[in-house]
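Observations on the three-dimensional arrangement
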Amino acid sequence: MSDFLQKIEQVEQEARGRIAGAGGLEALEALRLEYLGRKGKITRVLHSLGSVSAGERPALGKRANQVKEAVSGLLDRRRGEMEQARLRDELSRHKVDVTLPGERPWSGSIHPLNQTLARINEVFFSMGFALAVGPEVEDDFHNFDALNTPADHPARDEHDTFYLEGGLLLRSHTSPVQVRYMQNNPPPVRIIAPGRVFRRDTSDASHSPVFHQVEGLYVDEHVAFGDLKYTLEQFARLMFGDEVRVRFRPSFFPFTEPSAEVDCLCVFCKGSGCSVCGQSGWIELLGCGMVHPNVFEAVGYDPERWTGFAFGMGIDRICMLLNDINDIRLLLESDVEFLSQF
Ligand code: PHE
């Protein structure tokens, strides 16, 4: 065997052995340089081809190239194996549990006041009432005078509100919506008017200078107090459940006569008396009454022909009752932790 052949076989043998025993990617890279680099062992053997006889050269050259290819292929295969092994190792060390739930995207929800209003609306819509809205900035006439509450009327004290320039004010109830509706629509009328209202009250657990009301108005011929009573009892049942108990208590409002206040048996103590109902066993739900003839006159309805009832309730109060909330201010501060419960 020629020296050349012996040399190339020996280099191949040696390279195969060392590649098989290489301990890592770096060692493998070093071997590639050692054998196939510019001054590598196989490269050098190939360079020495020039010194063999011209007759032997093709066969030896072919053999030498085969060795070069074989060693290069072997290096590539070992590198692939090592990279696979490293990946497997990495994966087994940082285990990923693909069955764990993902992170849920943040989602908003409907504010408890709006949830309560939606239920109130639903109850009255089911009884044939329609929705009416009006401005939050009002004038004396719509907020007071047309509602039989002239400037010197003592009932204005309870409705002290915020006064703006030009005789305007922030409405202290949504009754002015009813006035506006009657001015623009002939009877019969069956509406509810929800919205934000304002009073000059100091904030505490049950008072806020901003709160929310739904008022209702029913006008037709021959409307009786019995219609009012039935409608509001039905409302209480649909809102709080069949077992709810309500009572009507005589009261006073300038715009209704007779007037009443409706209480429901305290949902917390069932009537035995607790701190929520002030030991009375009853919770005030709303005010109501038969529309005063002066109101009909103020809006241009004939009080001899038309009769009607009206009522007004605080959405905040009902929302607190339904959800066991003990401070009205929680409903008006945008505390995400509180609101995310709903
Ligand atoms: N507007 C009254 C208030 O805010 C509530 C009410 C409305 C009472 C209709 C009777 C009839 O106090």
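Keep in mind that what you see is a predicted model, and the values were worked out from it rather than measured.

1. Topic: the pattern of salt bridges
On inspection of all chains with the given rule, the structure shows 25 salt bridges. The residue glutamate 90 makes a salt bridge to arginine 93 at a minimum N-O spacing of 3.8 Å. Separated by three residues within a single helix, glutamate 90 and arginine 93 lie in helix H4 (residues 57-93), roughly one turn from each other. For glutamate 90, a relative accessible area of 41% translates into the label partly exposed.

2. Some details on the packing of aromatic side chains
The geometry of an aromatic ring pair is captured by the separation of the ring centres together with the interplanar angle, meaning the angle of the planes. Scanning all chains against the criterion turns up eleven aromatic pairs. Aromatic side chains phenylalanine 129 and tyrosine 218 sit 6.1 Å apart centroid to centroid with 65° between the ring planes, which places their arrangement in the edge-to-face category. Highlighted residues: phenylalanine 129 in the loop between helix H5 (112-126) and strand E1 (130-131) and tyrosine 218 in strand E5 (residues 210-220), separated in sequence by 89 residues. Residue classification places phenylalanine 129 among the buried positions, given a relative accessible area of 5%. Connected via pairs of aromatic rings, a cluster forms that spans Phe124, Phe129, Tyr218, Phe235, Phe309 and Phe311.

3. What about the packing of H5 against helix H8 (residues 225-240)?
At their nearest, the axes of H5 and H8 sit 10 Å apart, and the two run at 135° to each other. Classified by the angle their axes make, H5 and H8 are oblique. Handedness of the crossing formed by H5 with H8: right-handed. Residue-level inspection shows Thr116, Arg119, Ile120, Val123, Phe124 and Ser126 of H5 in contact with H8, the latter providing Thr231, Phe235, Leu238 and Met239.

4. Focus on the domain arrangement of the chain
Each assigned domain of the chain is listed with its residue range as follows: domain 1 (3-93) and domain 2 (112-339). A straight line from the C-alpha centre of domain 1 to that of domain 2 covers 94 Å.

How each quantity is defined
Residues numbered from 1 in each chain as written. Predicted model: local features only at pLDDT ≥ 70, side-chain atom pairs only at ≥ 80, totals over all residues. Heavy atoms only, no water. Salt bridge = Lys/Arg side-chain N within 4 Å of Asp/Glu carboxyl O. Helix = DSSP H or I, 4+ residues; strand = E, 2+ residues; numbered from the N terminus. Buried < 20%, exposed > 50% of the residue type's maximum accessible area, 1.4 Å probe, protein only. Phe/Tyr/Trp six-rings, centres within 6.5 Å; stacked < 30°, edge-to-face > 60°. Axes fitted to C-alpha atoms, helices over the stretch in contact; angles between N-to-C directions. Parallel < 35°, antiparallel > 145°, perpendicular 65-115°, else oblique. Left-handed = near helix turned anticlockwise from the far one by under 90°. Contact = heavy atoms within 4.5 Å. Domains from an automatic or database assignment.

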